[in-house]
Amino acid sequence: MAAIAPEATSRDGTASWLDEFLADWRPGTGESREIREPATGRPLISVAQATPEDVARAAAAAAEAQPAWAETSYIERARILHRAAEIYEAHRDEFGAWTQRETGDHRNKMHHEQNFTIQEVLNAATMPSQPYGSLVPSAQPGRLSMVRRIPVGVVGAITPWNSPSVLGMRVVAPALALGNAVVLKPDPQTPVCGGAMFESIFREAGLPEGLLHIVVGGADVGEAIVTDPNVNVVSFTGSTAAGRRVGELAGQRLKKVSLELGGNNAFVVLDDADLEAAASAGAYASFQFQGQVCFAAGRHIVHRSVADAYVERLVERAKRLRTGDPYREEVDLGPIVNEKQLARVDGIVRRSVEGGARLAEGGTHDGLFYRPTVLADVTTDLPAWTDETFGPVAPVVAFDTDEEALALANDSEYGLAGAVYSRSLSRGLALAQRIKSGMVHVNDQTVNDEAIIPFGGMGASGNGSRFGGAANWDEFTQWQWVTLRDEPRSFPHPY
Ligand code: NAD
């Protein structure tokens, strides 16, 4: 049984539908781990962690249940997904409260997360009824030749804490839709909105037993998923460092793996940009959700003639953003998720200022609440430029020509998202198309997603995999070539 702190009930103090589910939820046989709310440090829930043996049991049960699910009518699979979306909507407030309290989401980010989570399920619900192959010509006369997509079997999903519902749902929903079973491991800091939420919804939606398993735990549990012989495909979202390890383990086992990793995204402002609009978007892309977003704007690359004015506008916005407890107060920024991450953000800011960057705003914190920070006169040798900060920090670098802006934008091992602001669409497009990133926007900021878009990065941001839309077919099915002949084929003598 998961132990819930008394306050983890609905806002009016009554036990919610989700709390009742959690009271009987025991996702692992290992030791309990207490989760604390980052904003207050108060205990939220204690959850029994999974062990590698739990993973083995879950994967074996998933492998057993999956073939019958793959044979289940497309109408029934779609119906269960539709029900899941309805159940999520019905309990939206409870999920929202848990999301805010586990992650430190402010209200806007939480609503985005919820809307995207629903989009993911609804989009997945359209997949079971889509054609899943084609008839192809054959060089052999009299042969009917077809290629069809079949489920991969068991998908192992490993997700981070920063957007646990949507990053989990973008795997769980399409994988199930296409006839697979799933073993999902959320980050141990978000066991409810990244884990229990899925089990509670899909159980109530009528998903047959054995098809979805939640295993809560850390790296050892993640590695047990990657190496388990019953897990056929691994879908990992998280840091580049952990992704390299996951890729290595999967590669040794010749296992297909999707890696969606970190970013240090370029936000380019040309001299003809609408500066107010660019600064508003730039501040949003760096500061919202405390910058703990893989496609946050990590590097502001601004034409020298407007750089000072742009920095001033970022500073104005940084000053007026309110930090505080996002669940109980009306604020714009919540806490950094934990002490380790806080030390990392602060260290990057400090070392960059020591190295010559000008602290135009912020750089201070009250406990885990880090003030939105603007760094001007940044040079490309400083950690604020080279590293993924994953905090509310906007480093600004000036350039003189479009070619220089392009070289700066591409001066990163990462390649997740990019943005270009210009009043000239042709100039903006010419630059945007040469930015090495999986996603790029002209006159919009980097934090953009839709369930029907093939989402993913280049370079150290991933291994070429994509989530969303048609890409989900590539991630969660494999091709099979099937041929049929009326008459058996004859072979030359002596065969
Ligand atoms: P993390 O890599 O530490 O953890 C992510 C998940 O991987 C967690 O569930 C964790 O328990 C697990 N894990 C850690 N080590 C593992 C190992 N050796 N084997 C298997 N599993 C392991 O990342 P984080 O700090 O929680 O998340 C932030 C990072 O995730 C940032 O770098 C961010 O950019 C990235 N991210 C990327 C995307 C994307 O779509 N590209 C989305 C969100 C976050």
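All figures in this text were calculated on a predicted structure; none of them were measured in a lab. (Residues numbered from 1 in each chain as written. Predicted model: local features only at pLDDT ≥ 70, side-chain atom pairs only at ≥ 80, totals over all residues. Heavy atoms only, no water.)

## Overview of unusual backbone geometry
Of note, the bond from H493 into P494 is cis; its omega dihedral lies within 30 degrees of zero at 15°. Of note, L254 is a non-glycine position whose phi angle comes to about 55°, a positive value. Mapped onto the elements, L254 comes out in the loop between α9 (240–252) and β10 (256–260). Note on L254: relative accessible area 81%, which makes it exposed. Despite not being glycine, D377 has its phi angle at roughly 50°, a positive value. When you line up the elements, D377 lands in the loop between β16 (373–376) and α13 (383–386). (Helix = DSSP H or I, 4+ residues; strand = E, 2+ residues; numbered from the N terminus. Buried < 20%, exposed > 50% of the residue type's maximum accessible area, 1.4 Å probe, protein only.)

## A word on the environment of A157
Tracing the sequence through the fold places A157 in strand β6 (residues 154–158). Accessibility expressed as a relative area gives 0% for A157, which makes it buried. For the pair formed by A157 and A451, sequence separation is 294 residues and the distance between their alpha carbons is 17 Å.

## A few points about the sheet that holds strand β12 (residues 297–303)
Spatially, the seven strands line up as an open sheet ordered β13-β16-β17-β12-β11-β19-β20, and their pairing is mixed. Two strands bound the open sheet, and with one partner strand each, they are β13 (358–361) and β20 (439–442). If you compare each strand with its neighbour and ignore which way they point, the axes differ by 20° on average. Across four bridges, the pairing between β12 and strand β17 (residues 393–399) is parallel. Bridge pairing in β17 links H300 to V396. (Pairing = 2+ DSSP bridges. Axes fitted to C-alpha atoms, helices over the stretch in contact; angles between N-to-C directions.)

## A short note on the site of the ligand
Of all residues adjacent to the ligand, which total 31 residues, the nearest are T159, K185, S239, L261 and E388. Measuring from an oxygen atom of the ligand, one finds a side-chain N or O atom of R170 at 2.9 Å. Contact distances for the ligand include 2.9 Å between a nitrogen atom and a side-chain N or O atom of E223. Burial of the ligand by the protein amounts to 88% of the accessible area it has alone, namely 860 Å². (Near = heavy atom within 4 Å. Polar contact = N/O pair within 3.5 Å; in protein donor to acceptor, adjacent residues only side chain to side chain. Areas by Shrake-Rupley, 256 points an atom, 1.4 Å probe, with all protein chains shown as cover.)

## A closer look at empty space enclosed by the protein
In this approach the atoms are scanned with a rolling probe the size of a water molecule, which exposes any empty space left behind. For the coordinates displayed, the defined rule picks out two cavities of 30 Å³ or more. Taken as a whole, the largest cavity encloses approximately 110 Å³ of empty space. Along its surface, the largest cavity is lined by 15 residues, and A296, A297, G298, T389 and F390 are the ones closest to its centre. Of all the elements in the fold, those that place two or more residues in the lining of the largest cavity are β12 and β17. Of the residues assigned to the lining of the largest cavity, the class counts are six nonpolar, eight polar and one charged. In this structure, the second largest cavity is lined by 13 residues; those nearest its centre are N264, R299, Y414, G415 and A417. Of all elements in the fold, only β11 (265–269) and β18 (414–415) reach the threshold of two or more residues within the lining of the second largest cavity. Taken together, the residues that form the lining of the second largest cavity break down as six nonpolar, five polar and two charged. (1 Å grid on protein atoms, 1.4 Å probe; cavity = no way out; pocket = protein on both sides within 12 Å on 5 of 7 lines; lining within 4 Å. Points joined across faces, edges and corners; volume = space filled by probe spheres on them. Nonpolar A, V, L, I, M, F, W, Y, C, P; charged D, E, K, R; others polar.)

Taken by themselves, the reported measurements are silent on function.
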